[in-house]
Amino acid sequence: MRIDADLIDQHNQTRLAAQQSDFQALGEQLERNGTDINSLVNRAAQFGVAIPSWGVGTGGTRFARFPGLGEPRHVFDKLDDCGVIHQLTQAAPTVSLHIPWDDEDPTALKEQASSLQLGFDAMNSNTFQDQTGQPHSYKFGSLSHTEQATREQAIEHNIRCIEIGKTLESKALTVWVGDGSNFPGQVNMGKQFDRYLQAMHQVYSALPDDWQLFTEHKIYEPAFYSTVVQDWGSSYLIATELGPKASCLVDLGHHAPNVNIEMIVSRLARFGKLGGFHFNDSKYGDDDLDSASIDPFRLFLVFNELVDIELQQGEKFRPAYMLDQSHNVTDPIESLMNSAIEVQRAFIQASLVDREALAEYQESNDALMASQIIKQAFRTNVDSILQRARMQAGGAIDPIAAFRESNYRNLVAKERPEVSGAGGGIV
Ligand code: AFD
Ligand code: MN
Ligand code: MN
């Protein structure tokens, strides 16, 4: 099920005149600063962020989950939904799978993804839930569990994710564990970290040469007192201990409030350990809200660092961009399109920063003007650049409007029976 190309075309035709006039005005504005708008369109066209397969289902909280119309029944439906996101935005060419949630024949998955012009991004392992028939429980941890048999089971699972990923032509494994403790004194934090490291060494040694391993930290939840991979410091230690194929993944929602995430980005990149991102936004904790819905300036500042690092390190700097969000009150396809565009917007806005002028103001300690340079880029409305990049690749000028015009939800709902709303949700 994909969106009819004629529908997208008609959608674009009705908006074309306004688009062209906005584009021309912005082009003139940028040219005054010596920036060629077409080079930014090309840059936007090259941008891609991965969609998490789990993101296309309606999320929930620990209180309730309210299912939406035409929710995906399985990973093949999820791929269809991801196909729609990419078709309309042209900014989400890959999907990130979670095993065992998406555990289906990898050859069939690969075929369907290719038919939708999708590839696969990092594989995600799940050792934070017990699966039916699983011999050892993860109630008290997985890769860091006190019992060797449980650790081995978790190691095996991660290795299996790599195996599946090979067929899918994924090139990375993201490891996030819920391991930690709920009470002071419950665990020996040093020994627990050692057990985790030993287990991760084994996962790492199963990694193909051209793969990367991302370690994802999270300050709390489901463990509420301490977590094994609590912060970027722990994550950096792990990645350094494991070796060159290991690096850190920064999920924007996994920090203490008010932490300066762009500074973390700068530090990790400086030491070659910034592997990638899970983009989302938050007000209080791991809220998993749409990217840039709460603090667009923070997202911009993260990209400001990324563009700066890209200029210094060149082609070899290629962090993995993924979304990781949960949609409790919106249509997941709409929210994911919205987020993909917001991340792409931050990337383009950050590319507008006059880096030469900024460097001069920084060198001369002109704090006010340095901050003005940053703000000027952030305030620039780059919509018409993003629209042009989408349109040229077959996407829609306004993806959310086009999605609604297509009636996709109602059409797929005919094949996808309604899911029950009972029970708690997955945070
Ligand atoms: C967690 C992490 C992680 C994980 C996901 C599962 O952000 O990326 O894969 O949720 O739902 O909070
Ligand atoms: Mn995440
Ligand atoms: Mn999270």
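Residues numbered from 1 in each chain as written. Chains lettered and ligands numbered in written order. Predicted model: local features only at pLDDT ≥ 70, side-chain atom pairs only at ≥ 80, totals over all residues.

K.L.:
Even after reading the chapter, I still don't get the overall build of the chain, so can you show me in this structure?
P.N.:
What the chain contains, in helices and strands, is 15 helices and 12 strands. Whereas a compact globule of 427 residues would reach a radius of gyration of roughly 22 Å, the chain reaches 22 Å, a difference of no more than 12%. Judged by the C-alpha coordinates and their principal axes, the chain covers about 65 × 60 × 40 Å. In the chain, buried positions account for 46% of the 427 residues. Across the chain, every contact between residues at least 6 apart in sequence was considered, and the portion connecting residues at least 24 apart equals 79%. (Helix = DSSP H or I, 4+ residues; strand = E, 2+ residues; numbered from the N terminus. Rg over C-alpha atoms; globule rule 2.2 N^0.38 Å. Buried ≥ 20, exposed ≤ 12 C-beta atoms within 10 Å, placed from the backbone. Contact = placed C-beta atoms within 7 Å.)

K.L.:
Looking at this model, I keep getting lost on the sheet that holds strand β8 (residues 212-216). Mind explaining?
P.N.:
Whether parallel or antiparallel, the strands of a sheet pair through hydrogen bonds between backbone atoms. Taken in spatial order, the seven strands of this open sheet run β3-β5-β6-β8-β10-β11-β12, and their pairing is parallel. Each edge of the open sheet carries a strand with a single partner, namely β3 (98-99) and β12 (320-323). Two elements, strand β6 (residues 172-175) and β8, share four bridges in a ladder whose sense is parallel. Bridged to Ala-172 within β8 is Gln-212. Of the strands in this sheet, β10 (246-251) and β11 (274-279) touch helix α8 (residues 261-270), which is tilted by about 170° from β10. (Pairing = 2+ DSSP bridges. Axes fitted to C-alpha atoms, helices over the stretch in contact; angles between N-to-C directions.)

K.L.:
Looking at this structure, I do not really get the pairing of β6. What am I missing?
P.N.:
The side chains of a regular strand alternate, residue by residue, between the two faces of the sheet. Of the two faces of β6, the one holding Ala-172 and Thr-174 and the one holding Leu-173 and Val-175 are both buried throughout. In terms of strand pairing, strand β5 (residues 123-125) meets β6 through two bridges, oriented parallel. When the bridges of β6 are listed, Met-123 appears paired with Leu-173. The parallel pair β5 and β6 is bridged by helix α5 (residues 148-168), and the resulting crossover is right-handed. (Right-handed = clockwise from strand over helix to strand, strands pointing away.)

K.L.:
Sorry if this is basic, but what is going on with the pairing of β8 here?
P.N.:
Burial runs high along β8: five of the five residues are buried. Relative to β10, β8 is paired through four bridges, and the arrangement is parallel. Along β10, the bridge assignment pairs Phe-214 with Ser-247.

K.L.:
Looking at this structure, I do not really get the packing of helix α3 (residues 75-89) against helix α10 (residues 332-351). What am I missing?
P.N.:
Between two packed helices, what matters for the description is the angle formed by their axes and the separation of those axes. Axis separation between α3 and α10 bottoms out at 10 Å; the angle between their running directions is 40°. Taken as axis vectors, α3 and α10 run oblique relative to one another. Like other packed secondary-structure pairs, α3 and α10 cross with a definite hand, here right-handed. Residues Asp-81, Val-84, Ile-85, Leu-88 and Thr-89 of α3 lie in contact with α10, whose contacting residues are Ile-333, Leu-336, Met-337, Ala-340 and Ile-341. Of the residues that constitute the contact of α3 with α10, the class distribution is eight nonpolar, one polar and one charged. (Parallel < 35°, antiparallel > 145°, perpendicular 65-115°, else oblique. Left-handed = near helix turned anticlockwise from the far one by under 90°. Nonpolar A, V, L, I, M, F, W, Y, C, P; charged D, E, K, R; others polar.)

K.L.:
Can you walk me through the sheet that holds strand β2 (residues 94-96) in this structure?
P.N.:
Read across the open sheet, the three strands follow the order β1-β2-β4; overall the sheet is parallel. Bordering the open sheet on either side are β1 (51-52) and β4 (119-120), each of which pairs with just one other strand.

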